[in-house]
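Listed below, chain by chain, are the residues.
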Amino acid sequence: MTKNILITGGAGFIGSHVVRRFLTQYPQYNIINLDALTYAGNLENLKDVDHLPNYTFVKGDICDRELVEKIMNKHDINTIIHLAAESHVDRSITDPLAFVNTNVMGTANLLIGAKKYWQNDYSNKLFYHVSTDEVYGSLGETGFFYEDTAYDPRSPYSASKAASDHLVMAFYHTYHMPVMISNCSNNYGPNHFPEKLIPLSIHNILQKKALPIYGKGENVRDWLYVIDHALAIDTIIHNGKLGETYNIGGHNEWTNIDLIRLLCTLMDQKLGNEPGTSEQLITYVKDRAGHDLRYAIDASKLKNELDWMPSVTFEEGLSKTIDWYLENQDWLEQVTSGDYANYYKKQYGS
Ligand code: NAD
Ligand code: TYD
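Residues numbered from 1 in each chain as written. Chains lettered and ligands numbered in written order. Predicted model: local features only at pLDDT ≥ 70, side-chain atom pairs only at ≥ 80, totals over all residues. Heavy atoms only, no water.

Caption draft 1: Seen up close, the pattern of salt bridges. In this structure the tally under the stated criterion is 12 salt bridges. The residue K241 makes a salt bridge to E305 at a minimum N-O spacing of 4.0 Å. With a gap of 64 residues between them, K241 in the loop between α7 (226-239) and β10 (245-248) and E305 in helix α9 (residues 300-306) connect regions that are remote in the sequence. (Salt bridge = Lys/Arg side-chain N within 4 Å of Asp/Glu carboxyl O. Helix = DSSP H or I, 4+ residues; strand = E, 2+ residues; numbered from the N terminus.)

As structure tokens, this is what we get:
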């Protein structure tokens, strides 16, 4: 049976890789991308695939009930892959309500829209919710996040994502809506907006600007190449069990300072700089409020039950990522024109 898939947030970083994966892997599926094109959404991310006959773009807000119902009807949607969100922790610290609106209200609106259109006929239907490992809170120096780890979100971003996960599970238990959730670790790769650590540092090295490291740089993140995340979502959608959560991660933990040192070394090699040039840009700055110490995903359920594994090592993925940014400096310029300068000044003071 063909799938008519509504992908929300498909013009963003991860969403664009998910849209590309489904468009190219499954030409028999119809893909409808609903995206509000906030500062983080960019149709350039899809320019290599947006001509495909099975692709439709709709500019709009997931909080717009009428629009969601119209799309469900018009395209006879039977699958939703929900990625649209406000996604940056630092922005959630300065503007929490925007995160509640999109991440909580927007998710509720989509669930209600799906329930109304599907009218309790849930055969061949799926609401797939893309979430984050940040809902589990902050780890100490040891241990991992498992699917049954209790939620303990600490930033307005993670709290809003936790609320959205709870709503999705509530629709499963209360209305028997077929749902799945995946909670993924930090992604990196092409098309990543340069407010996040890795693309911001690549951009600043190219501009010979300071590389801001919060606190002592000892916080740990577990990094996964974005194309492997898209592959995991594909695997879970086709083979996962309804009502289940799957953790996605690369078993790839780095302290921020070690990661930035590796990035500096690779950038110096690729730019033909003297070794050590980029490291001189490292600057320790005031720590993030409520900065989670460590995230680390145990992804063995996904590996053991669905046979998913990351396809690239971190060094390979990071090298490919840097190459993409070097080859797409016009993309970087485009996304950092406009409001980016205002955001940067407010966040970093210069
Ligand atoms: P992103 O900020 O790059 O993209 C978000 C997209 O959603 C943008 O295209 C934006 O225009 C769109 N959007 C925002 N508000 C909208 C609204 N109200 N209506 C319609 N569209 C709207 O985010 P990302 O990093 O690609 O993350 C995508 C999803 O994956 C999010 O749900 C996020 O919580 C989750 N996630 C991200 C990471 C990560 O490392 N980036 C890790 C795990 C999970
Ligand atoms: P980020 O990319 O914002 O992702 P998240 O907060 O969702 O994990 O940040 C990754 C890590 O890098 C996090 O520990 C905060 C830190 N960081 C910096 O040290 N400097 C920066 O300028 C940014 C944006 C992040």
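Caption draft 2: Representation of the side chain of K196 in the model. Here K196 is to be found in the loop between β7 (186-188) and α6 (197-206). Lacking a salt bridge, the buried K196 has E195 as its closest oppositely charged neighbour, with an N-O distance of 4.1 Å. Setting aside chain neighbours within four positions, we find K196 in contact with S87 and H88. (Buried < 20%, exposed > 50% of the residue type's maximum accessible area, 1.4 Å probe, protein only. Lys, Arg positive; Asp, Glu negative; His and termini not counted. Contact = heavy atoms within 4.5 Å.)

Caption draft 3: The arrangement of the packing of aromatic side chains in detail. The final tally for this structure, using the stated rule, is 19 aromatic pairs. Ring geometry for F99 and Y157: centres 6.3 Å apart, planes at 80°, overall edge-to-face. In this pair, F99 sits in helix α4 (residues 96-118) while Y157 sits in helix α5 (residues 156-175), placing the two residues 58 residues apart along the sequence. The buried category is assigned to F99, whose relative accessible area is 2%. Here W324 and Y325 contribute two aromatic rings whose centre-to-centre distance is 4.9 Å and whose plane-to-plane angle is 85°, an arrangement assigned as edge-to-face. By the ring-pair criterion, three or more aromatic residues cluster together here, those being Y39, F193, Y214, Y340, Y344 and Y348. Across the ring face of Y295, the terminal group of R221 is positioned such that the distance to the ring centre comes to 3.9 Å. The lysine or arginine in question, K301, covers the ring of Y246, its NZ or CZ lying 4.4 Å from the ring centre. (Phe/Tyr/Trp six-rings, centres within 6.5 Å; stacked < 30°, edge-to-face > 60°. Lys NZ or Arg CZ within 6 Å of the ring centre and 35° of its normal.)

Caption draft 4: Spatial organisation of the site of ligand 1. Around ligand 1 there are 28 residues in total, and I14, D35, S87, Y157 and K161 lie nearest to it. Contact distances for ligand 1 include 2.9 Å between an oxygen atom and a backbone N or O atom of G12. Residue D35 places a side-chain N or O atom 2.6 Å away from an oxygen atom belonging to ligand 1. Within the complex, the protein chains bury 96% of what would otherwise be the 840 Å² of accessible surface of ligand 1. The set of elements that each furnish at least two residues to the shell around ligand 1 consists of α1 (13-25), β5 (126-132), α5 and β7. Of the residues forming the shell around ligand 1, the biggest block, three residues, is contributed by β5. (Near = heavy atom within 4 Å. Polar contact = N/O pair within 3.5 Å; in protein donor to acceptor, adjacent residues only side chain to side chain. Areas by Shrake-Rupley, 256 points an atom, 1.4 Å probe, with all protein chains shown as cover.)

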